[in-house]
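Letter by letter, the chains look like this.
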Amino acid sequence: MAKVTFDYSKASKFISDDEVVAMKKIAEDAKEVLVNKSGAGNDFLGWIDLPVDYDKDEFARIKAAAKKIQSDSEVLVVIGIGGSYLGARAAIDFLRHGFYNNVSKEIRKTPEIYYAGNSISPAYLKGLLDVVGDRDFSVNIISKSGTTTEPAIAFRIFKEKLEKKYGKEEAAKRIYATTDKAKGALKNLATEEGYESFVVPDDVGGRFSVLTAVGLLPIAVSGADIDKLMEGAASGREKALNNTFEDNDAVKYAAIRNILLRKGKSIEITANYEPSLHYFGEWWKQLYGESEGKDQKGIFPAAVDLTTDLHSMGQFIQDGSRLMFETVVNIEKTDADIVIQEEADDLDGLNYLAGKDMDFVNKSAMNGTILAHTDGNVPNLMVNVPEQNEFYLGELFYMYEFACGVSGYILGVNPFNQPGVESYKKNMFALLGKPGYEDMTAELQKRL
Ligand SMILES: O=P(O)(O)OC[C@H]1O[C@H](O)[C@H](O)[C@@H](O)[C@@H]1O
């Protein structure tokens, strides 16, 4: 059966066999540390077994809640930031219609889905309130800590709108809270107001939480098949845990990117040739950025959408500072085919493509770009995805998560914390006058 695979054959001129042998040992040791749970951050490894060991009762509740939202709402507002929305957004974009919110209800069949609480922009929120308008809607508020400012502000506003429209009691039936099982302001609010709640397990960090209720509820509302997603993740887990290095795509990817880092390639660009993968790149950026970027170490994760960005970033990738390597996420088979037709006068000069389908043109652009960037000394790696469906997305999510754990340990960091994220928050709270931050306020204001 086809599967998600990692291929570094196009980068062979940058990587010697000896380097692979040396790094193989390091990567296998790092994998052992990960699966034996003996490394830093080992209290955040719940995601390793999640695809086979998840709360089945909650899974059934997620499906039931999704059905209810589908039946009583024209719109679902998903409120969350970072790991509390990127996985769901990546999955829905990857799996569902490319113009999900814009196609007719007959085609989409499920509620429109919008995201809030991922910025503090009042203009964005006002715009979204207009989009929801007077229509029936529900809210899924997602925050592991239950205390993050951005989603908390957005939730206050959408909660008020719900209560105005339906009254407090009915509004509570349209609010679904995904948060810690016991602590945090959101948990308290959910208990107090009687919202249906879903749990982010203690041992699963936000950026590893797409296969918990965090991702699963919005994904299920969109009509995607979450059973298949979990099956794919279980298949990815099986391979990551049991395959030897040569057949272990997750461990190989971790190894190869660290070989490249040690040769000065300190930026990884993840590239796609399908706009529906844009948010997959955003999800990956958080996963790798927060996991590896610490202790003055790490590979900076960047992402490009191609061929779009070949007309903006292409120059730099081809010819600028030689800092990066590139990982192309290649969708092998698309089910959308558009054949380019012959035109009698050929004024646009495209008749040489007549009879070819657009995916052939897209793949030719990809292959040509891989060779050009390789010639420009940008090593190109590939992650091949047979098709855009739930099963392969599950494999893909898992492969990247597992590789991230292994890679972080190769690098010598704790891949499961994010101490650096607190600095901006402290400053922001001090400038906002949040109780408890008073001593910092005057000093920061002087510096502004
Ligand atoms: O789910 P929450 O607790 O609201 O956190 C949302 C996000 O913001 C935090 O600042 C962290 O850096 C992220 O790892 C997290 O995914």
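An unreviewed UniProt entry annotates the chain as Glucose-6-phosphate isomerase originating from Eubacterium album. We quote the UniProt Sequence similarities (unreviewed entry) comment for the chain here in full: "Belongs to the GPI family." Taken from UniProt, the Catalytic activity (unreviewed entry) comment for the chain reads in full: "alpha-D-glucose 6-phosphate = beta-D-fructose 6-phosphate".

(A) Geometry of the nonpolar core. If you look at the biggest cluster of nonpolar residues, it comprises 95 residues, and the most contacted ones within it are Trp47, Phe280, Trp283 and Tyr400. Tyr166, Ala172, Ala177 and Ala190 belong to the second-largest nonpolar core, a separate cluster that totals 23 residues.

(B) Highlighting the UniProt feature "active site" (unreviewed entry) in the chain. Following the UniProt record, one finds the feature "active site" (unreviewed entry) at Glu290 and Lys425. As for its placement among the helices and strands, Glu290 is situated in helix H12 (residues 278-292). With residues near it in sequence (within four places) discarded, Glu290 still touches Arg207, Lys285, Asn417, Gln418 and Val421. A polar contact is formed between the side chain of Glu290 and the side chain of Arg207, at a distance of 3.0 Å. Here Lys425 is to be found in helix H16 (residues 422-432).

(C) Quick look at the site of the ligand. The immediate surroundings of the ligand are formed by 13 residues, with Ser84, Ser143, Lys144, Thr148 and Glu290 found nearest. In this structure, an oxygen atom belonging to the ligand sits 2.8 Å away from a main-chain N or O atom of Gly83. Relative to its unbound accessible area of 390 Å², the ligand is 88% covered by the protein chains. Its residues assigned to classes, the shell around the ligand shows two nonpolar, eight polar and three charged.

(D) Structural view of the packing of aromatic side chains. Considering all chains together, one arrives at 23 aromatic pairs under this definition. Aromatic side chains Tyr409 and Phe416 sit 6.1 Å apart centroid to centroid with 75° between the ring planes, which places their arrangement in the edge-to-face category. For Phe416, a relative accessible area of 6% corresponds to the buried category. Ring pairs connect the aromatic residues Phe6, Tyr8, Tyr253, Phe280, Trp283, Trp284, Tyr288, Phe397 and Tyr400, which therefore count as one cluster. Above the plane of the ring of Tyr54 lies Lys56, whose end atom (NZ or CZ) is 4.2 Å from the centre.

(E) Inspection of the sheet that holds strand E4 (residues 137-143) at higher detail. The five strands are arranged E3-E2-E4-E5-E6 in an open sheet whose pairing can be described as parallel. Here the strands that pair on one side only, and so sit at the sheet edges, are strand E3 (112-116) and strand E6 (196-199). Taking each pair of neighbouring strands and ignoring which way they run, the sheet shows an average axis angle of 20°. As paired strands, strand E2 (residues 75-79) and E3 are joined by five bridges and run parallel to one another. Residue pairing for E3: Ile79 is matched across the bridge by Ala116. Across the sheet, helix H8 (residues 185-193) touches E4, strand E5 (175-179) and E6, and the angle it forms with E5 is around 145°.

(F) How the structure looks around the pattern of salt bridges. For the structure on display, the rule yields 26 salt bridges. Between Lys168 and Glu163 there is a salt bridge, with the nearest N and O atoms lying 3.5 Å from each other. On the basis of relative accessibility, which here comes to 47%, the residue Lys168 falls in the partly exposed class. Judged by its relative accessible area of 22%, Glu163 is partly exposed. When salt bridges that share partners are traced, they join Lys159, Glu163, Lys168 and Glu193 into one network.

(G) How the structure looks around the sheet that holds strand E9 (residues 324-333). With mixed pairing, the five strands of this open sheet are ordered in space as E1-E10-E9-E7-E8. Unpaired on one side and paired on the other, strand E1 (5-7) and strand E8 (300-305) mark the two borders of the sheet. Strand-to-strand, the axes of this sheet are offset by a mean angle of 20°, without reference to chain direction. In this sheet, strand E10 (residues 380-387) lies alongside E9 in parallel orientation, the contact comprising seven bridges. Paired with Val329 across the strands is Val383, a residue of E10. Most of the contacts of H12 go to E8, to which it runs at about 175°, and overall it touches strand E7 (267-272), E8 and E9. Contacting E9 and E10, helix H15 (residues 390-411) crosses the sheet at an angle of about 150° to E10.

(H) Up close: helix H6 (residues 149-166). In a regular helix each residue adds 1.5 Å, so 18 residues correspond to 26 Å; H6 covers 26 Å between its end C-alpha atoms and thus fits that length. Among the residues of H6, Thr149, Glu150, Pro151, Ala154, Phe155, Phe158, Lys159, Leu162 and Tyr166 are the ones counted as buried. Once H6 ends, the next one or two residues include Gly167, with phi positive near 85°.

(I) Structural context of the pairing of E10. E10 sits mainly inside the fold: seven of its eight residues count as buried. As paired elements, E1 and E10 share three bridges and run antiparallel to each other. Within E10, the position partnered with Phe6 by the bridge is Val383. As a crossover connection, the stretch from E9 through helix H14 (residues 358-375) into E10 is right-handed.

So, how was this worked out
Residues numbered from 1 in each chain as written. Predicted model: local features only at pLDDT ≥ 70, side-chain atom pairs only at ≥ 80, totals over all residues. Heavy atoms only, no water. UniProt positions renumbered as here; feature names shortened; annotations may be inferred. Core = buried A, V, L, I, M, F, W, Y, C linked by side-chain atoms within 4.5 Å. Buried < 20%, exposed > 50% of the residue type's maximum accessible area, 1.4 Å probe, protein only. Helix = DSSP H or I, 4+ residues; strand = E, 2+ residues; numbered from the N terminus. Contact = heavy atoms within 4.5 Å. Polar contact = N/O pair within 3.5 Å; in protein donor to acceptor, adjacent residues only side chain to side chain. Near = heavy atom within 4 Å. Areas by Shrake-Rupley, 256 points an atom, 1.4 Å probe, with all protein chains shown as cover. Nonpolar A, V, L, I, M, F, W, Y, C, P; charged D, E, K, R; others polar. Phe/Tyr/Trp six-rings, centres within 6.5 Å; stacked < 30°, edge-to-face > 60°. Lys NZ or Arg CZ within 6 Å of the ring centre and 35° of its normal. Pairing = 2+ DSSP bridges. Axes fitted to C-alpha atoms, helices over the stretch in contact; angles between N-to-C directions. Salt bridge = Lys/Arg side-chain N within 4 Å of Asp/Glu carboxyl O. Expected span 1.5 Å × (residues − 1). Right-handed = clockwise from strand over helix to strand, strands pointing away.

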